Each structure stands twice: as C-alpha cells, then as structure tokens.
Amino acid sequence: MSNIIEISNLSKSFGEVKAVQDLSFKVKRGELFAFLGLNGAGKSTTISIMCGQLKKDSGKIVVDGADLDKSVDKIKSELGVVFQNSVLDKSLSVYDNLKSRAALYGISGNAFKDRLNELSELLEFNGILKRQVGKLSGGQRRRIDIARALLHKPKILILDEPTTGLDPQTRKTVWNVVSQLRHQENMTVFLTTHYMEEAADADYVIILDSGKISAQGTPLQLKNTYTGDFITLYSITEEQVSLLDKPYEVIRDAYRIAVPSTADATKLITKYPDIFTDFEITKGKMDDVFLAVTGKRLTGGETK
C-alpha cells in the first residue's frame, strides 16, 4: 500500500506560539488515519497547511506524488474538506449551495444532477434540497457539508472534528457513508476527532501534544504499549479492595483496578479467590491510551 500523504519536518509558529513543531508522518492510500489531540495541539493548523490555506514556516508536504510548494492547485483538487464549522451559505437553499460549489469544479448540467442524486441518496437529504441552509438542524447541515466536500470525488476526505455535537443517528449515518466510500472507492480519510471510539476504528493513530507527536501506531499497538488490563470488581467493600494493594478507582457500584497484563490479572484472582467472586476483565481503551500519553482525558470534546 503506497503513501498518499507524506509530511516531513513541518513547522509553523504564530509569534511565540509553536503550533506545529518538526512534524513528520505518512498516510497510506485508502486508510482511515486519525489525528488526536487537545484543542491547540496543532491538528487544524496542519490541515490548513495541507489545504493550502496557511503557509508553513518550514518542512515538506507531498500529496499523491505532488509537492505542495509546486502543485497547490492539483493538491486542492484531490482534497475534500469538512471543517469544524460549516462553510455553507445559510441564506441559500441546499440545492443552490451545492450547485454553486460544483460549478467551481466545472461540474454542471446533467453531470451535476447525477452527482447530486448520488450524494442525496448516500447521505439521505433528498427531502431538504429546497430548504434554506440556515433553517436546517445541525445534523442536516453536517450532511450537506459532507456532500459539498464529496462533489468532485476527491481521493482524500479530510474530516476535522466532523461529528462533534451531532446526534447519535447522524453520527452513525456519517460513519456508514465514510465506510462505504473507503471500501467502494478506496478513498483515504484523514480524521481529527474528540471521540475515542472513532479513533479506535482507525487504521493508524497519531497523538499530538503541543504541536509534537507524543505517540503513534495502530490502535492495538498503542493499547498494548500504553495501557494494560482492567479488572472491575462488583459486590465487595472498599476494605476488601484495599487488601489487594493495588491502585483503584470507584466507578458507580464497583471498583476498577489497573493491571499490566492478563497474566497479572490471573495471578491476582488466584491469590484472592474470596474477593473475586463477581468481576470482569477488559482491555484498556483509547481513552486510557490518551490519558497515559498526555496526562489528560479527552472524551467527546471535554478535557479533564
């Protein structure tokens, strides 16, 4: 599988603030690539530079074999971008928004009608084509944002926090569409997200902290490296759990203990059979990885 994005030694500062610091990574063609980080970590800055909207201070960006410094228009034609904030014209109808955007790519007449039919069926918005964008719900507007990004059949779809604030049904629709496009058209998806369950489905993940890469790998590699197993114990007292001499946290009507591995969990259970009468063992999740790497929690846009 070849690389469709190659970024080398990318740096960008805003005055004293070093937004991106010597960033280097590669994205393989057709994969779901996830960029994780708190607000201000450098995710959106990197995307803005890739899209030609922001000038880098130094470094090199190659997209599908084209150097950003020499072929910015070619690269723009291969990218579809869904920004955090909607870029639709609220005073125009859905149809007029998409028609005017398609015209910028030279898509008009029957070609536009055919593409509009494909996208309205895919994203389920056929019934709102005549409605003014300003009167749509957040979920409906997000579907049109995605349609706008897909009009010209881009090779790379960049999703910058695409599902923040959306209802569960719309989030599910968005991800069904993304999955379908990846499998049918081998589209590469570059994702930034606050939702750990979305990152858990990625092929490759990079965790950014203050403009630098703090960790990277497949979700499985990251979980194996930065988190172990967790034992959740039910129907016991805090006095009993303290006998295990392990750090623990109280969760509702249970206690959760972190152990390095399944083997360590087995030893503990064998040693204290009277305490382990009602329990479950789970693998660490991406939330736990992010906490271990950055020292902060990141779930659904909230940091702790």
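Structure: above.
Residues numbered from 1 in each chain as written. Predicted model: local features only at pLDDT ≥ 70, side-chain atom pairs only at ≥ 80, totals over all residues. Heavy atoms only, no water.

## Remarks on the pairing of strand E1 (residues 3-14)
Sheet topology places E1 next to strand E2 (residues 17-28); 8 bridges connect them, and they run antiparallel. Paired with Ser 13 across the bridge in E2 is Lys 18. Two strands pair when backbone bridges link them, and E1 and strand E4 (residues 58-63) are joined in this way by 5 bridges, in the antiparallel orientation. Paired with Glu 6 across the bridge in E4 is Val 62. (Pairing = 2+ DSSP bridges. Helix = DSSP H or I, 4+ residues; strand = E, 2+ residues; numbered from the N terminus.)

## Quick word on helix H6 (residues 168-185)
For H6, built from 18 residues, the straight-helix expectation of 26 Å at 1.5 Å per residue is met to within 8% by its first-to-last C-alpha distance of 26 Å. Taken as a whole, H6 has its buried residues at Thr 170, Arg 171, Thr 173, Val 174, Trp 175, Val 177, Val 178, Leu 181 and Arg 182. On its buried side, H6 packs onto strand E3 (32-36), helix H4 (109-122), helix H5 (138-150), strand E7 (156-160), strand E8 (188-192) and helix H7 (196-200). The opening residue of H6, the one whose side-chain oxygen lies 3.2 Å from the backbone nitrogen of Gln 169, is Asp 167. Backbone geometry just downstream of H6 places Asn 186 in the positive-phi region, at approximately 55°. (Expected span 1.5 Å × (residues − 1). Buried < 20%, exposed > 50% of the residue type's maximum accessible area, 1.4 Å probe, protein only. Contact = heavy atoms within 4.5 Å. Polar contact = N/O pair within 3.5 Å; in protein donor to acceptor, adjacent residues only side chain to side chain.)

## Side note on the nonpolar core
Ranked by internal contacts, the top residues of the largest apolar core, which has 48 residues, are Leu 36, Val 94, Leu 98, Phe 125, Ile 144, Val 205 and Ile 207. Non-local contacts of Val 94, meaning those with residues more than four positions away in its chain, are made with Phe 125, Ile 128, Leu 129, Arg 131, Val 133, Leu 136 and Ile 144. Counting 28 residues, the second largest nonpolar core, distinct from the first, contains Ile 7, Leu 10, Ala 19 and Ile 158. (Core = buried A, V, L, I, M, F, W, Y, C linked by side-chain atoms within 4.5 Å.)

## A look at the pattern of salt bridges
Should their charged atoms come close, side chains of opposite charge can pair. Evaluated as defined, the whole model comprises 16 salt bridges. Measuring nitrogen to oxygen at the nearest pair gives 3.1 Å for the salt bridge that ties Lys 56 to Asp 69. One end of the pair, Lys 56, is in the loop between helix H1 (43-50) and E4; the other, Asp 69, is in the loop between strand E5 (66-67) and helix H2 (72-78), and 13 residues separate them in sequence. Judged by relative accessible area, which is 53%, Asp 69 ranks as exposed. Three or more residues joined by partner-sharing salt bridges are found here, namely Arg 29, Asp 64, Lys 74, Glu 78 and Lys 155. (Salt bridge = Lys/Arg side-chain N within 4 Å of Asp/Glu carboxyl O.)

## A short note on the packing of helix H8 (residues 219-226) against helix H11 (residues 286-294)
Two elements in contact, H8 and H11, have axes whose closest approach is 9 Å; the angle formed by their N-to-C orientations is 55°. It follows that H8 is oblique to H11 by the angle criterion. In the crossing of H8 with H11, the sense of the turn from one axis to the other is left-handed. Contacts between H8 and H11 involve Pro 219, Leu 222, Lys 223 and Tyr 226 from the former and Met 286, Val 289, Ala 292 and Val 293 from the latter. Looking at the contact of H8 with H11 residue by residue, the classes come out as 7 nonpolar, no polar and 1 charged. (Axes fitted to C-alpha atoms, helices over the stretch in contact; angles between N-to-C directions. Parallel < 35°, antiparallel > 145°, perpendicular 65-115°, else oblique. Left-handed = near helix turned anticlockwise from the far one by under 90°. Nonpolar A, V, L, I, M, F, W, Y, C, P; charged D, E, K, R; others polar.)

## Looking at the sheet that holds strand E9 (residues 204-209)
Spatial strand order, E6-E7-E8-E3-E9-E10: 6 strands in an open sheet with mixed pairing. Each edge of the sheet is formed by a strand with only one pairing partner; in this case those strands are strand E6 (79-82) and strand E10 (212-217). The average undirected angle you get between the axes of adjacent strands in this sheet is 15°. Two strands pair when backbone bridges link them, and E9 and E10 are joined in this way by 5 bridges, in the antiparallel orientation. Within E10, the position partnered with Ile 206 by the bridge is Gln 216.

## Describing the sheet that holds E5
Note: strands within a sheet are paired through backbone hydrogen bonds, in either parallel or antiparallel orientation. The strand order across the open sheet formed by 4 strands is E2-E1-E4-E5, and the pairing between neighbours is antiparallel. Edge strands, defined here as strands with exactly one partner in the open sheet, are E2 and E5. Across 2 bridges, E4 lies against E5 in antiparallel orientation. Its bridge partner lying in E5, Val 62 is registered against Asp 67.

## So, unusual backbone geometry
Among all residues save glycine, negative phi is the norm, and among peptide bonds the norm is trans. Its identity as a non-glycine residue notwithstanding, Asp 22 has a phi of 50°, on the positive side. Structurally, Asp 22 is set in strand E2. Located in the positive-phi region is Glu 161, a residue other than glycine, with phi close to 55°. Tracing the backbone through its elements, the reader meets Glu 161 in the loop between E7 and H6. On the basis of relative accessible area, Glu 161 is assigned to the buried category, the value being 4%.

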